[in-house]
Amino acid sequence: MDKFKIKDRYNMEDYRELIHFLRGPDGCPWDREQTHESIRRNLLEEAYETAYAIDTGDLENLKEELGDLMMQVLLHADMEESRGTFNLDDVADGACKKLVFRHPHVFGSVNAEDTEAVLRTWDEQKKAEKGQKTVADTMRSVPENLPALWRAEKIQKKAANAGFVWPTPGAALRELSEKSAAMATDIDAQNADTIIDALGDILFAAVNAARMTNVDPEAALHRCCEKFLTRFEHAENEACAQGKQLFAMTEEEPKIL
């Protein structure tokens, strides 16, 4: 294999060639040893780091993180190219064909005049593409390894599209209250076998209430975490100023202000 050519500026094809070179005999031992499984977590971490760059509005960091995320795609594609199964062009071919198929309002004769109609068309095309015949089929297609709050939200959205939904956000909140009461009963009875199910019901109901009020449950929980951290830090600083430690404070002394 020829050495990778050093340039002042690279393009996408250079990036592809660099990954292929690094995984080759004259490249990097670490890169050669990696498998889909060994770098699976890297893919997830890079996706979250990219999302963080978006959340913070840091465009310079976003550019960098998109490059890191792209590297994961290139690595996985190069692994299969070396095995003769598929390559990056096959990935691009499949992605383009999927987009064309799911946009019949752009490339076909279907009319979709607004975003809502576009989403309905997208879902219909996706079900046809995946051979999904029932609503349950579409629910089963939601990946099990999504963050649980997002998975619950996606499943609930699919149920809502089929008319299986609480009439109002207030009704969803009442369901949340009922599930909380049920868990309290399980705790009082020290029924360990059902506590985990009860807690799952509470979280599922909370996601439903969030969905019906157009709140991202993951974002809401992250926001809550930040509020807790701020309050904890304040309480800890107050304790230190008094020459005390949080665990040693009495019940009358507020720990989280």
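What counts and what doesn't
- Residues numbered from 1 in each chain as written.
- Predicted model: local features only at pLDDT ≥ 70, side-chain atom pairs only at ≥ 80, totals over all residues.
- Heavy atoms only, no water.
- Disulfide = S-S within 2.5 Å.
- Helix = DSSP H or I, 4+ residues; strand = E, 2+ residues; numbered from the N terminus.
- Expected span 1.5 Å × (residues − 1).
- Buried < 20%, exposed > 50% of the residue type's maximum accessible area, 1.4 Å probe, protein only.
- Contact = heavy atoms within 4.5 Å.
- Polar contact = N/O pair within 3.5 Å; in protein donor to acceptor, adjacent residues only side chain to side chain.
- Salt bridge = Lys/Arg side-chain N within 4 Å of Asp/Glu carboxyl O.
- Core = buried A, V, L, I, M, F, W, Y, C linked by side-chain atoms within 4.5 Å.
- Patch = residues over 30% accessible without salt bridge, like charges linked within 9 Å, V, L, I, M, F, W, Y side chains within 5 Å.
- Areas by Shrake-Rupley, 256 points an atom, 1.4 Å probe, with all protein chains shown as cover.
- Phe/Tyr/Trp six-rings, centres within 6.5 Å; stacked < 30°, edge-to-face > 60°.
- Lys, Arg positive; Asp, Glu negative; His and termini not counted.
- pLDDT = per-residue confidence, 0-100.

Colleague: Sorry if this is basic, but what is going on with the state of the cysteines here?
Modeller: Note on terminology: disulfide describes a covalent bond linking the sulfur atoms of two cysteines. Taken as a whole, this structure holds zero disulfides when the rule is applied. Left without a disulfide partner, Cys224 is nearest to the cysteine sulfur of Cys225, which lies 6.0 Å away.

Colleague: How should I be thinking about helix H9 (residues 148–161) in this particular structure?
Modeller: For the α-helix, the turn length of 3.6 residues means that residues three or four positions removed from each other point alike. The end-to-end C-alpha distance of H9, which contains 14 residues, comes to 20 Å, matching closely the 20 Å that a straight helix rising 1.5 Å per residue would cover. Within H9, the full set of buried residues consists of Leu149, Ala152, Glu153, Ile155, Gln156 and Ala159.

Colleague: Sorry if this is basic, but what is going on with helix H1 (residues 12–22) here?
Modeller: Taken together, the buried positions of H1 are occupied by Asp14, Arg16, Ile19 and Phe21. Each element contacted by the buried residues of H1 is listed here: helix H4 (59–83) and helix H5 (88–101). N-cap assignment for H1: the residue whose side-chain oxygen lies 3.1 Å from the backbone N of Glu13 is Asn11.

Colleague: Which parts of the structure should I look at to understand the pattern of salt bridges?
Modeller: Here the idea is simple: oppositely charged side chains can pair when their charged atoms come close. Scanning the entire structure with this criterion turns up twelve salt bridges. In this structure, Arg23 engages Asp78 in a salt bridge whose closest nitrogen and oxygen atoms are separated by 2.8 Å. Of this pair, Arg23 sits in the loop between H1 and helix H2 (29–33) while Asp78 sits in helix H4, and the two are 55 residues apart along the sequence. Take Arg23 and Asp78: they sit in the same class, and that class is buried. The salt bridge involving Lys97 is made with Asp93; its shortest N-O contact spans 3.1 Å. Of this pair, Lys97 and Asp93 are both found in helix H5, four residues apart, which corresponds to roughly one turn of the helix. Judged by relative accessible area, which is 55%, Lys97 ranks as exposed.

Colleague: It is not clear to me how the nonpolar core should be interpreted in this structure. Could you clarify?
Modeller: Side chains of a nonpolar character, in soluble globular proteins, are inclined to be buried together. With seven residues, the main nonpolar core is built from Ile19, Ile39, Leu74, Leu75, Ala77, Met79 and Leu88. Top contributing element to this core by residue count: H4, with four residues. What Ala77 contacts, discounting residues up to four positions off in sequence, is Phe86, Asn87 and Leu88.

Colleague: Can you help me understand a nonpolar patch on the surface in this one?
Modeller: A surface patch of nonpolar side chains, about 300 Å² in accessible area, is lined by Leu44, Tyr48 and Trp150. If you trace the backbone, Leu44 turns up in helix H3 (residues 40–56).

Colleague: When you look at the packing of aromatic side chains in this model, what are you seeing that I'm missing?
Modeller: Each aromatic ring pair is described using two quantities: the centre-to-centre distance and the angle formed by the ring planes. Per the stated rule, a full pass over the model turns up two aromatic pairs. Pairing Phe228 with Phe232 gives two aromatic rings, centres 6.1 Å apart and planes at 35 degrees, and the pair type is tilted. Of this pair, Phe228 and Phe232 both sit in helix H12 (residues 217–241), four residues apart, which is roughly one turn of that helix. Relative accessible area serves as the criterion here: at 45%, Phe228 is assigned to the partly exposed category.

Colleague: Where do I start with unusual backbone geometry in this structure?
Modeller: When glycine is set aside, most residues are seen to have a negative phi, and most peptide bonds are trans. Even without a glycine there, the phi angle at Asn214 is positive, about 60 degrees. We classify Asn214 as exposed; its relative accessible area is 75%.

Colleague: Is there a simple way to explain the side chain of Glu65 in this structure?
Modeller: Position of Glu65 among the secondary structure elements: in helix H4. Put simply, Glu65 is tucked away with no salt bridge, and the nearest opposite charge, on Lys63, sits 13 Å away. Excluding its chain neighbours within four sequence positions, the residues that come into contact with Glu65 are Glu46, Glu49, Thr50 and Ala53.

Colleague: It is not clear to me how the confidence of the model for the protein should be interpreted in this structure. Could you clarify?
Modeller: A low pLDDT score tells you not to read the predicted coordinates there in detail. Confidence in the prediction of the protein, expressed as mean pLDDT, is 91, and 96% of residues score 70 or more. Confidence, read as mean pLDDT per element, is least for helix H10 (residues 169–188) in the protein (89) and greatest for H4 (98).

Colleague: Explain the environment of His103 to me, please; I cannot follow it from the model alone.
Modeller: With respect to the secondary-structure elements, His103 resides in the loop between H5 and helix H6 (104–107). A sequence separation of 44 residues divides His103 from Leu59, and the C-alpha atoms of the two residues are 30 Å apart. Excluding its chain neighbours within four sequence positions, the residues that come into contact with His103 are Gly108 and Trp122.

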